[in-house]
Amino acid sequence: MPRTNWLKGLKLNIHAPGTGFALIVLALTQVPVAIKTSAEIYCMEKVGVQTGSFVAAVKECNG
């Protein structure tokens, strides 16, 4: 039985009408999460240096 490569038939068009909409949806859903996570990491870094304890930094920044 011949093995077919189904990826050859898959044609992606970056200029398709739905591509822009999909990128906007991704940006609107992922950017706020990235900002929140970056702020938490920054907080943990600053508190961790001050207290010398990573556990205390996680409790203070996530609490």
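Quick caveat: nothing in here was measured; it's all calculated off a predicted structure. (Residues numbered from 1 in each chain as written. Predicted model: local features only at pLDDT ≥ 70, side-chain atom pairs only at ≥ 80, totals over all residues. Heavy atoms only, no water.)

Draft legend 1. Expanded view of the pattern of salt bridges. Per the stated rule, a full pass over the model turns up 1 salt bridge. The closest approach of N and O atoms between Lys 36 and Glu 40, which form a salt bridge, is 2.8 Å. A residue pair is termed a helical-turn pair when its members lie 3 or 4 positions apart in one helix, as Lys 36 and Glu 40 do in helix H1 (residues 17-51) at 4 residues. (Salt bridge = Lys/Arg side-chain N within 4 Å of Asp/Glu carboxyl O. Helix = DSSP H or I, 4+ residues; strand = E, 2+ residues; numbered from the N terminus.)

Draft legend 2. How the structure looks around the state of the cysteines. Within the structure shown, the criterion is met by 1 disulfide. What pairs with Cys 43 in a disulfide is Cys 61, and their sulfur atoms sit 2.0 Å apart. When the S-S torsion is -85°, as for the bridge of Cys 43 with Cys 61, the disulfide is left-handed. Of the two residues, Cys 43 sits in helix H1 while Cys 61 sits in helix H2 (residues 54-62), which places them 18 residues apart along the sequence. When its relative accessible area of 16% is taken as the criterion, Cys 61 is described as buried. (Disulfide = S-S within 2.5 Å. Buried < 20%, exposed > 50% of the residue type's maximum accessible area, 1.4 Å probe, protein only.)

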